[in-house]
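Structural description and commentary
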Amino acid sequence: MKYDGLENLAGFICYKLKNDEAAASCSSSSLESFTWVNHLSEGGLEKPTEKCMSQLHQLEQIFNNINSDNLFTCKGYLAKLLQLSSHIDCGDKIKTLFFRSRMFFRMRTLNKSLQDKALSRKRKMSKL
């Protein structure tokens, strides 16, 4: 499931940066295997290469090591993530778009959990 989600995000990144020369090697035109991206795509998502997937998996590990289940907040957050991922051989535009997308997804998950907690508290108060 996590691999399919990462592959979906990789397809989005390949699509967004398809005109960028640094990300030209990100998408693959081969249809060798049918995956979740093929199922979700209505012609817009690109199929990422194995090299791209391995790079994004490494970026995912860096993001999870910094944030764990929360979202680490500091000044220069994106610059810190880019510095930690400097050893990964992919363009800065790919890294930036990946980290920004992951931050958005994490914030959305955290906000949803806060709303669920507030709703459960409200239900408890209404029972009293």
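Throughout this document, residue positions are counted from 1 along each chain, in the order its sequence is written. Local features in this predicted model are restricted to residues whose pLDDT is 70 or higher, and side-chain atom pairs enter the listing and the counts only when it is 80 or higher, whereas totals over whole chains, interfaces and linings include all residues. Excluding hydrogens and water, the side-chain values take into account all heavy atoms of the structure.

**Section: the pattern of salt bridges**
Salt bridge, as applied in this entry: a Lys or Arg side-chain nitrogen positioned within 4 Å of an Asp or Glu carboxyl oxygen. Throughout the structure, instances matching the rule amount to two salt bridges. In this structure, Arg102 and Glu60 form a salt bridge, with 3.0 Å as the shortest nitrogen-oxygen distance. Here Glu60 lies in helix H3 (residues 50–67) and Arg102 lies in helix H5 (residues 92–127), a separation of 42 residues in the sequence. For the pair shown, Arg102 and Glu60 are each scored as buried. Lys112 is the partner of Asp116 in a salt bridge, and the nearest nitrogen-oxygen pair spans 3.5 Å. With Asp116 and Lys112 both in helix H5 and four residues apart, the pair spans about one turn of that helix. Given the relative accessible area of 39%, Asp116 is considered partly exposed. Under the DSSP-based scheme used, a helix requires at least four consecutive residues in state H or I and a strand at least two consecutive residues in state E, with every element numbered from the N terminus. Burial classes follow relative accessibility: with a 1.4 Å probe on protein chains only, a residue under 20% of its type's maximum area counts as buried, one over 50% as exposed, and anything between as partly exposed.

All we've got here are geometric facts, nothing functional implied.
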